[in-house]
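# Tertiary structure, described
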Amino acid sequence: MIDFIHPVITKTILVYFFFLNTFYVIFIAISLYEIFRYRNLITFLNFKEIFRLPLLKPVSIISPAFNEENNIIESIKSLLSLEYPLYEVIVVNDGSTDSTLEKLIKTFKLKKSFKVFRKSIETKPIRGVYTSPLHPKLIVIDKINGKKADALNAGLNIARYPLFCTIDADSILNKDSLFKIVRPFLENPKTVGAGGIIYLSNDCTIKSGEVIKVRLPRNWLSKFQILEYLRAFLGGRIGLSALRCILIISGAFGIFRKDIALECGGYRTNTIGEDMDLVVRMRKYLHEKKVPFLIHFIPDPICWTEGPETIKALARQRNRWHRGLIESLIHSRKMLFNLRYGITGMVAMPFYFIFEMLGPLIEFIGYTLFIFYIVSGRINYPFALTFFTLAIIYGIFLSLMAILLEELSHFRYPAVSNLFIISIFSFLENILYRQFLTAVRVKAFIDFIFRKKEWGELKKKGFLSD
């Protein structure tokens, strides 16, 4: 029986990896086309002209913060200096136990306000609302800790404008990022959400809330993460967006129609993947209401965020991300292979279920079988060597193509030495790093089964100021 099962499992894994890599090659090809198309668009489009459009939509920026004393000031300075005619910045201090609130009060001369707002969504109690006489756009909410989703809901309750943009309190936007990410809402009224690309700010120099010097991180874990981000955003989400199959808009930088989010009940507070969960539930709601909609990924608006620099912190982050993905997909599983939900049910949900959610388990089974065959002396060495060589070459190819996409779209790492280092890491990540992340995501399944809800606080060293 075992002799029969092993070949079946082996062939299934081979077929799985063939289709997975084929899909990503297709995504890369689509991304190349979309980036060239976008470059042609911005060649003839002056984004500053958007300011003159009468239909320009005002935006509420919501930034949840918990123990962000190292980054909060530079992040808020960045938001207050954005090039956009009408917006507000809502910082939600979610029960921080450090000096986050004190730094905000001191730096921006905050005063307690008696502002009245409609409580559309239930949240943890609000302890106070603050405004700044120096910065009329700035509102700070101080509340009892309820985790990130609850903090975002508190921001939604007080937000005045039809679009709301979410950004992590340890992130910084380029000055032009907001009006670039708003563009799809002006071009097509069917647009309900959009996301931008995320770059790592580790070892970059920040001055007055702006990244003035881009450097490759010195930390080796951060270099691997740069590759992951390039593949995920430029090699994956552009292609999925073009196919209208994107289910994830990063909580670090995303923008949505407020009315649709409120009709869906805001953010679910019993999930740790609130960003993906909202997008999936919005798609489900709009399909059920038979309302045509679009959700975009824009390759240009850039958000800078600090990535973890220790193995323990990275493991916590990726475990939380994968648990959030599992929770979101399981919660909305009725859409899977359901014609009622159109391309979401028949293409997007199956792709995320099979390749994103189950991928780590299948990869782990593959590694386990490989070890079993070695120990039992039944391995076909020529076949194994050929397979793993091709797998590594395929992985390196996808990484190098992601680097090419970055050079075509943003050119953030122009030095030849930077490109050489990133290319070297595209080879090295196949040795232990990828296997480490697979193990972390498999553990996420175990944590999900045992209903682990721990967020896992990450210690940040803060931005490097000039």
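Since the structure is predicted, the reported quantities are computational estimates derived from the model, not experimental observations. (Residues numbered from 1 in each chain as written. Predicted model: local features only at pLDDT ≥ 70, side-chain atom pairs only at ≥ 80, totals over all residues. Heavy atoms only, no water.)

### What about the layout of surface pockets?
Of the voids in this model, the second largest pocket is the one considered here, and its volume is about 850 Å³. Taken together, 30 residues line the second largest pocket, and the ones lying closest to its centre are Leu 14, Ala 384, Phe 387, Phe 388 and Ala 391. Considering every element that reaches the lining of the second largest pocket, the biggest residue donor is helix α12 (residues 381–409), with nine residues. Looking at side-chain class alone, the lining of the second largest pocket contains 20 nonpolar, seven polar and three charged residues. (1 Å grid on protein atoms, 1.4 Å probe; cavity = no way out; pocket = protein on both sides within 12 Å on 5 of 7 lines; lining within 4 Å. Points joined across faces, edges and corners; volume = space filled by probe spheres on them. Helix = DSSP H or I, 4+ residues; strand = E, 2+ residues; numbered from the N terminus. Nonpolar A, V, L, I, M, F, W, Y, C, P; charged D, E, K, R; others polar.)

### Here's the deal with the packing of aromatic side chains
Here the structure, examined in full by the defined rule, presents 19 aromatic pairs. Ring geometry for Phe 164 versus Tyr 267: centroids 6.5 Å apart, planes at 80 degrees, classification edge-to-face. Taken as a pair, Phe 164 in strand β6 (residues 163–167) and Tyr 267 in the loop between α7 (258–263) and α8 (274–288) lie far apart in primary sequence, 103 residues in all. Between the aromatic rings of Tyr 199 and Trp 304, the centroid separation amounts to 5.4 Å while the plane-to-plane angle is 40 degrees, which identifies the pairing as tilted. With Tyr 199 in strand β8 (residues 191–200) and Trp 304 in strand β12 (residues 294–305), the pair connects residues that are 105 residues apart, well separated along the chain. Taken individually, Tyr 199 and Trp 304 each receive the classification buried, so the pair is uniform in this respect. (Phe/Tyr/Trp six-rings, centres within 6.5 Å; stacked < 30°, edge-to-face > 60°. Buried < 20%, exposed > 50% of the residue type's maximum accessible area, 1.4 Å probe, protein only.)

### Description of the packing of helix α9 (residues 311–331) against helix α10 (residues 342–357)
Between α9 and α10, whose axes approach to 11 Å, the crossing angle comes to 145 degrees. The two elements α9 and α10 cross, and the hand of that crossing is left-handed. Counting all contacts with α9, which are made through His 322, Leu 325, Ile 326, Leu 329 and Ile 330, the residues of α10 involved are Met 349, Tyr 352, Phe 353, Glu 356 and Met 357. Taken together, the residues of the contact of α9 with α10 break down into eight nonpolar, one polar and one charged. (Axes fitted to C-alpha atoms, helices over the stretch in contact; angles between N-to-C directions. Left-handed = near helix turned anticlockwise from the far one by under 90°. Contact = heavy atoms within 4.5 Å.)

### Section: the environment of Ile 76
If you trace the backbone, Ile 76 turns up in helix α2 (residues 72–80). As a C-alpha pair, Ile 76 and Leu 262 span 186 residues in sequence and 25 Å in three-dimensional space. Excluding anything up to four places from it in sequence, Ile 76 contacts Val 91, Leu 104, Phe 108 and Leu 138.

### Notes on empty space enclosed by the protein
For the structure on display, the rule yields one cavity of 30 Å³ or more. Size it by volume and the largest cavity reaches roughly 30 Å³. As for the largest cavity, its lining consists of Ile 198, Tyr 199, Leu 200, Gln 225, Ile 226, Tyr 229, Leu 230 and Tyr 413. Looking at the lining of the largest cavity, the elements that each hand over two or more residues are β8 and α6 (220–242). The biggest single contributor to the lining of the largest cavity is α6, with four residues. Along the lines of polarity and charge, the residues of the lining of the largest cavity split into seven nonpolar, one polar and no charged.

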